[in-house]
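Survey of secondary and tertiary structure
Listed below are the residues making up each chain.
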Amino acid sequence: MGKTLAEKILSLKSGSDASAGDIVVSKVDLAFVQDTTGPLTVREFWDNGFTKLANPSRTALFLDHAAPSPQRQLSTDHILLRKFARDTGALIFDVGEGVCHQLVAEKLARPGDVIVGADSHTVTAGGLGAFSTGMGSSDIAVAFALGKTWFRVPETIKVVVSGRFKHGIYAKDLILYLIGLIGADGATYKALEFSGNVVNNMTIAERLTIANMAVEAGAKVGLFPSDRQTLEYLRSVGREADYQPLAADEDAVYERVIEIDATALEPMVAKPHTVDNTATARELKGTKLDQVFIGTCTGGRLDDLAVAAAIFKNRRHHPQTRLIVTPASQKVYLEAIRLGYIEILVQAGANVMPPGCGACLGVHQGVLGDGEVCLSTANRNFKGRMGNPEGFIYLASAATAAASAIKGEISDPREVM
Ligand SMILES: CC(C)[C@H](C(=O)O)[C@@H](O)C(=O)O
Ligand code: SF4
C-alpha cells in the first residue's frame, strides 16, 4: 500500500514502515524557538539536566515577536536567549532579521525534513515538503537535547485544487475558503496534503501561505510535494543542494479527499472573531476600517508587497484608515526596496515597520483602540489578538487589504486591479 507524504517522511525519519495511527520516534532535522516560547524552553532544557544540544547547527532561536522589544521583560528574555545561543552554539536570529517561519523557509528547511518549533505556525515549512509542526516548549527542550521526538502518524486529508486562480484571487483566498469549508477543527490532528494542477504551478510563497494556515483548521501539518517549484526556490536562496524530490504514492490511502475548483473562488475574508467565520469581500463591502496591516508569516512576503505596491501605485490610503506594512524578513525588505515597492508604499502613506511579527499578536507596532476595526493579512483574528479585546479583526489577502486601505472599507480588489 502506498504512502502519503506524512507517512513517507515519518517512515524515513523513524527507520520504520510507518502508517497513519502508528507511534514512531523520529529524528529531528531542525528544532527552534521564538522569543515568547524560548525562555520556558531554555529553563526546561537546564532544569532537565541537559547540558548540550544534539545538533547546534540545526537548533535555532528567533527574536521576532517583540522586535525590537517594547518593554523591559521582553528585553530581558532576549538577553537570556542570546546567552543560551552563545553557551550552546545554537543559531540565533536577532531582532530585525524577520519572522521565524519566513527565516526557516529562506535559510533552513529542506524537503523531507522533520522540523519542530515552539510556535503553532511551524507548519509553514510544509510548503517546502517538510513534516513541520508546532510543539510545546518542554517538547522542544527535549528535541534540542536528544535530536528526536515522538509522533502519532496522522491520517491525511487530501486537498485537490483544480482550475486556476482568476485575476485578483490568491493563495490566501484558497486557504480561507478551505478553513471556512471544514471549520477550525476540521483537520484536528490530521495532515492536510495539497495537490492538483493549481498546486503544481504554485510558487513556494503561495505554498507557504497555505501551509502556514493549516493549523487554523487544526492540522498537525500542511504538506506540499517537493518538485520543480521547490528546486527553483531553493536555488533562489542559494540552497539548491538541499533539494530532493518528494511526492505521495499514487496508491496512498487518504481519510478524506476534498476537491476545490480554484476558478470559482472569490476574494475571501475571515470575520471576527474566528478564522472559519468566512465570507466574500463582496458580501462585506462597506465595512469601515480604522487600520490595515500587511505583514506576518502569512502575508508579509515579497509577493504580498508586490501585489500591494501594484494596487497602491499613485494612490494613497484612505485618511481614516491607518496603513501598516511589516516585511516578513530582512531579505524580503531589501528586495522590496530594490524593486521600488517600499517607496510606493511609503508614498501611499504606509508605516513601514522592521521585519518581524509586528502588530500580529498585539505586542506592539499597531495595537488597536477600543472599537477599532483592522483588516490584516495575518492568520488569526481571535478576540484580543491585536492587543485589545474591544478590537475587531478581519483576515484577507494582500490584494484585498490594499484595495480596502484605499477605500477605507472592505473592498473587492478586482475593482481596483
Ligand atoms: C506566541 C506564540 C505561542 C503563538 C503561536 O505559537 O502561534 C504566536 O506565534 C501566534 O501566532 O499566535
Ligand atoms: S507573524 Fe504572527 S502568526 Fe506568524 S509567528 Fe509571528 S505572531 Fe505568530
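Just so we're clear, the structure is a prediction, and the values are computed from it rather than from any experiment.

Our next topic: the overall build of the protein. The secondary structure content of the protein amounts to 14 helices and 18 strands. C-alpha extents for the protein along the principal axes are approximately 55 × 50 × 40 Å. Each of the 417 residues in the protein was classed as buried or not, and the buried ones make up 61%. A fraction of 75% describes how many contacts in the protein between residues 6 or more apart in sequence connect residues 24 or more apart. On the protein, roughly 15,100 Å² of surface is accessible, and the fraction owed to carbon and sulfur atoms is 52%. Of note, the protein has its 42 positive side-chain charges centred 3 Å away from the centre of its 46 negative side-chain charges.

Moving on to the site of ligand 1. Around ligand 1 sit Q34, T36, T37, H65, D119, S120, H121, L361, R380 and R385, and those are all the residues in its vicinity. Note that an oxygen atom of ligand 1 is positioned 2.8 Å from one of the side-chain N or O atoms of H65. At a separation of 2.5 Å, an oxygen atom of ligand 1 approaches a polar side-chain atom of S120. For ligand 1, whose free accessible area comes to 320 Å², the fraction covered by protein is 76%.

Another aspect to go through is the side chain of E7. Within the element layout of this structure, E7 appears in helix α1 (residues 5-14). For the buried E7, no salt bridge is present, and the opposite-charge side chain at shortest range is K3, 5.5 Å distant. The residues contacting E7, other than those within four sequence positions of it, are G2, A18, S19, A20 and V153.

In this section: the sheet that holds strand β11 (residues 256-261). Taken in spatial order, the four strands make up an open sheet running β10-β9-β8-β11, and their pairing is parallel. Single-partner strands in this sheet number two, and they are β10 (221-223) and β11. For this sheet, the mean angle separating the axes of adjacent strands, direction not counted, is 20°. Where strand β8 (residues 156-162) lies against β11, six bridges are found, and the strand directions are parallel. Residue pairing across strands places V159 opposite I258, the latter belonging to β11.

Below, the discussion takes up helix α9 (residues 228-236). If you check which residues of α9 are buried, you get Q229, T230, Y233 and L234. Buried residues of α9 fall within an arc of 130° about the axis and therefore sit on the same side. Here the buried face of α9 lies against α4 (100-108), α7 (197-200) and α8 (204-212). Two or three places before Q229, at the start of α9, stands the capping residue D227, its side-chain oxygen 3.0 Å from that residue's backbone nitrogen. Among the residues trailing α9, G238 stands out with phi positive, at a value near 75°.

Take the site of ligand 2 next. Neighbouring ligand 2 are the residues H65, V99, H101, D119, H121, T296, C297, C357, C360, L361, N379 and R385. A per-class count over the shell around ligand 2 returns five nonpolar, five polar and two charged. Per-domain counts for the shell around ligand 2 show at least three residues from each of domain 1 (5-261) and domain 2 (269-411).

Another aspect to go through is the UniProt feature "binding site: [4Fe-4S] cluster" (unreviewed entry) in the protein. Summarizing the sequence annotation, UniProt attributes the feature "binding site: [4Fe-4S] cluster" (unreviewed entry) to C297, C357 and C360 in the numbering used throughout. The greatest C-alpha distance among the annotated residues, which extend across 64 residues, is 9.4 Å, indicating that they converge on a single site. Along the chain, C297 falls in helix α10 (residues 296-299). C297 has contacts with V99, H101, H121, N212 and N379, leaving out every residue within four places of it along the chain. Relative to the helices and strands, C357 is located in the loop between β16 (350-352) and β17 (373-376). Judged by relative accessible area, C357 falls into the buried class, the value being 7%. The contact partners of C357, leaving out residues within four places of it in the chain, are D64, H65, V99, F293 and T296.

Summarising the element assignment, E206 is placed in helix α8. Here E206 is buried and forms no salt bridge, its nearest opposite-charge partner R207 lying at an N-O distance of 7.0 Å. Beyond its immediate sequence surroundings of up to four residues, E206 is in contact with F165, A171 and N201.

Take the sheet that holds strand β5 (residues 114-117) next. Here we have five strands laid out as an open sheet, ordered β4-β3-β2-β5-β6, and parallel in their pairing. Two strands lie at the open edges of the sheet, namely β4 (91-93) and β6 (131-134), each paired on one side alone. With strand direction ignored, the average angle separating the axes of adjacent strands in the sheet is 20°. Docked against the sheet, α4 engages β2 (30-34), β3 (59-62), β4 and β5, running at close to 150° with respect to β2.

On to a nonpolar patch on the surface, then. Where nonpolar side chains cluster on the molecular surface, the patch consists of I23, V25 and W150 and spans about 350 Å² of accessible area. Position of I23 relative to the elements: it lies in strand β1 (residues 23-27). Given the relative accessible area of 58%, I23 is considered exposed.

The next point concerns the environment of D303. Here D303 lies in helix α11 (residues 302-312). Residue D303 is classed as partly exposed on the basis of its relative accessible area of 31%. Spatially, the C-alpha atom of D303 lies 9.7 Å from that of T203, the residues being 100 residues apart in sequence.

Reading the values: the criteria
Positions within a chain are numbered from 1, following the residues in the order the chain's sequence is written. All chains are assigned letters beginning at A, and all ligands numbers beginning at 1, according to the order in which they are written. Residues qualify for local features only when their pLDDT is at least 70, as the model is predicted, and side-chain atom pairs are given and counted only at 80 or more; totals for whole chains, interfaces and linings, by contrast, use all residues. Side-chain calculation: all heavy atoms of the structure are included, whereas hydrogens and water are not. Numbering of helices and strands starts at the N terminus; helices are DSSP runs of H or I of at least 4 residues and strands are runs of E of at least 2. Whether a residue is buried, partly exposed or exposed follows from its accessible area with a 1.4 Å probe, protein chains only, as a fraction of its type maximum: under 20%, in between, or over 50%, in that order. Residue contacts follow a heavy-atom distance rule, with two residues in contact if any of their heavy atoms lie within 4.5 Å. Note on areas: these come from Shrake-Rupley sampling with a 1.4 Å probe, and a residue is covered only by the protein chains present in the view. Counting rule applied: Lys, Arg positive; Asp, Glu negative; His and chain ends not counted. A charged residue contributes its charge at one atom only: NZ of Lys, CZ of Arg, CG of Asp or CD of Glu. Here a residue is near a molecule or strand as soon as one of its heavy atoms is found within 4 Å of it. We define a polar contact as two N or O atoms separated by no more than 3.5 Å, with the added condition that, inside protein, one atom must be a possible hydrogen donor and the other a possible acceptor, whereas residues neighbouring each other in sequence contribute only through side-chain atom pairs. In the sections that follow, a salt bridge refers to a side-chain nitrogen of Lys or Arg positioned within 4 Å of a carboxyl oxygen of Asp or Glu. By this definition, two strands are paired if DSSP reports at least two bridges between them. Note on method: axes are straight lines fitted to C-alpha atoms, helices fitted across the in-contact stretch only, with angles between N-to-C directions ranging 0 to 180 degrees. Note that the arc is computed from the directions linking the helix axis to the C-beta atoms. We call Asp, Glu, Lys and Arg charged. Ala, Val, Leu, Ile, Met, Phe, Trp, Tyr, Cys and Pro are nonpolar, and the rest, Gly among them, are polar. The start and end points of each domain follow an automatic or database-based domain assignment. UniProt positions are given in the numbering used here, feature names are shortened, and annotations may be inferred rather than shown by experiment. Patch building starts from residues that exceed 30% relative accessible area and form no salt bridge, then joins like charges within 9 Å and nonpolar side chains (Val, Leu, Ile, Met, Phe, Trp, Tyr) within 5 Å.

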